[in-house]
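# Summary of structural features
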Number of protein chains: 2
Amino acid sequence: MVTQASAEELTQRLRDAITRLNRRLRQERPVGDLTVTQLSALTSLRIGGALTPRELSEAERVQPPTMTKIVAKLEERGLISRTPHPTDGRQVLLSPSDQGFAVLDDYQRVRDEWLAGKLADLSAQERDTVARAAALLERLARD
Amino acid sequence: MVTQASAEELTQRLRDAITRLNRRLRQERPVGDLTVTQLSALTSLRIGGALTPRELSEAERVQPPTMTKIVAKLEERGLISRTPHPTDGRQVLLSPSDQGFAVLDDYQRVRDEWLAGKLADLSAQERDTVARAAALLERLARD
DNA sequence: TCACGCTTATTAGCTTAGCTAATAAGCTTG
DNA sequence: CAAGCTTATTAGCTAAGCTAATAAGCGTGA
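Residues numbered from 1 in each chain as written. Chains lettered and ligands numbered in written order. Predicted model: local features only at pLDDT ≥ 70, side-chain atom pairs only at ≥ 80, totals over all residues. Heavy atoms only, no water.

## A closer look at the protein's contact with DNA strand C
DNA strand C sits among 28 residues. The nearest are Thr35, Lys69 and Gly89 of chain A together with Arg23 and Arg82 of chain B. Considering DNA strand C, the proportion of its atoms within 4 Å of the protein that are sugar or phosphate atoms stands at 65%. Within the contact set of DNA strand C, a phosphate oxygen lies 2.8 Å away from a backbone nitrogen or oxygen of Gln63 of chain A. In the model, a base nitrogen of DNA strand C is placed 2.9 Å from a nitrogen or oxygen of the Arg90 of chain A side chain. (Near = heavy atom within 4 Å. Polar contact = N/O pair within 3.5 Å; in protein donor to acceptor, adjacent residues only side chain to side chain.)

## Comments concerning the relation of the copies chain B and chain A
Between chain B and chain A, the superposition needs a rotation of 179° and an axial shift of 0.2 Å, giving an RMSD of 0.4 Å. What we have between these two chains is a two-fold relation. Comparing interface residues between copies, 100% of those in chain B also sit at the interface in chain A, which points to an isologous, same-surface contact. (Least-squares fit on C-alpha atoms with pLDDT ≥ 70 in both. Contact = heavy atoms within 4.5 Å.)

## Notes on the packing of helix 2 (residues 36–48) of chain B against helix 4 (residues 64–76) of chain B
Helix packing for two helices is described by the angle between their axes and how far apart those axes are. All names here are of chain B. Between helix 2 and helix 4, whose axes approach to 10 Å, the crossing angle comes to 85°. The angle between the axes of helix 2 and helix 4 places the two elements in the roughly perpendicular class. Between helix 2 and helix 4, the contacting residues are Thr37, Gln38, Ala41 and Leu42 on the first element and Ile70, Lys73 and Leu74 on the second. (Axes fitted to C-alpha atoms, helices over the stretch in contact; angles between N-to-C directions. Helix = DSSP H or I, 4+ residues; strand = E, 2+ residues; numbered from the N terminus. Parallel < 35°, antiparallel > 145°, perpendicular 65-115°, else oblique.)

## Considerations on the protein's contact with DNA strand D
With respect to spatial proximity, 28 residues lie near DNA strand D, and among them Arg82 of chain A together with Thr35, Thr66, Lys69 and Gly89 of chain B are the closest. A share of 64% is what sugar and phosphate atoms reach among the atoms of DNA strand D within 4 Å of the protein. Contact between DNA strand D and Thr37 of chain B: a phosphate oxygen at 3.4 Å from a side-chain N or O atom of the residue. Elements that contribute at least two residues to the surface near DNA strand D include exactly helix 1 (7–27), helix 3 (53–59) and helix 4 (64–76) of chain A together with helix 2 and helix 4 of chain B. A per-element tally of the surface near DNA strand D places helix 4 of chain B first, with 5 residues.

## Digging into the pattern of salt bridges
Any two side chains of opposite charge can pair if their charged atoms end up close together. In total, this model carries 14 salt bridges over all chains according to the counting rule given. Here Arg139 of chain A ties to Glu126 of chain B by a salt bridge, and the two come within 3.5 Å at their closest N and O atoms. One end of the pair, Arg139 of chain A, is in helix 7 (residues 124–142); the other, Glu126 of chain B, is in helix 7 (residues 124–142), on a second chain. Note on Glu126 of chain B: relative accessible area 22%, which makes it partly exposed. In this structure, the salt-bridge partner of Arg82 of chain B is Glu75 of chain B, at a minimum N-O distance of 2.8 Å. (Salt bridge = Lys/Arg side-chain N within 4 Å of Asp/Glu carboxyl O. Buried < 20%, exposed > 50% of the residue type's maximum accessible area, 1.4 Å probe, protein only.)

## Topic: the confidence of the model for chain A
In this model, chain A carries a mean pLDDT of 84, and residues with pLDDT of at least 70 account for 87%. Across chain A, the secondary-structure element scoring lowest on mean pLDDT is helix 1 of chain A, at 77, and the one scoring highest is strand 2 (residues 92–96) of chain A, at 96. (pLDDT = per-residue confidence, 0-100.)

Okay, here's the thing in structure tokens:
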């Protein structure tokens, strides 16, 4: 046990760290570029394959109308395409368009430079801690 | 080394985890309650003592006009008070009001229940990982 | 000493991101 | 096949962020 903060302190500290780092991440967006929210949704589509808006909204932990907006932005840019659901006329299947995949590839290489640089400054052991924590935090967020 | 993800994967994963957990945290706000942003600013004032708007905006990694808005919200609720700067007529000193301190104390006890509950579900070892990572993430955000 | 240039805070106006409530369309089932 | 559920969208709101422009005060150099 390296640290022995109280549960309250840990909670507060983690919330502050998340809040500020999130703010910092949002700042790093070059103008005219995808926002963190848009990128995250597009990434979910790549991971999840073709998803309906509802499924995507659940994956992103966002209400359906919010996802409608995000999807609209991505569609404006031609990054996703929609196909009718084979058996259910209400639903729609969303997936990244060819251009969407291309953009994702670009981001994977070019983007996140700030965060990647920061992580590179850490020791291998610290990076390992962060990697394990990232998995835990995802689990937390997943419910 | 438990994990051996590539640097790119780690970056992407951490960004996603931060983004989603942040979203989840924002959701947990009871209506009529302080937002995460407002709480963070108020906390900075408690930690930093009397700060000018500029200093506070730097602490929160936000542009000055954004901080003007946040401060206005907090003032509406009577949670911070402003006093003129002793030597510089342009500047203002902000600090939590008595009520602001009281609210902070309340939050410290009552709030963050969701996150605290989640953390309680982790094993002691996992919690330790998260605690160490939180410290690292704060350092990352600090620049 | 005082005019000009910097700093600080605010205002105005925009975008994004989130929410709830209400609608419309399509399914499903008794 | 009507009634009720599910899905997606629309409408309209708030919060949170930004940049550009303004106004006030400070400080300095000719």
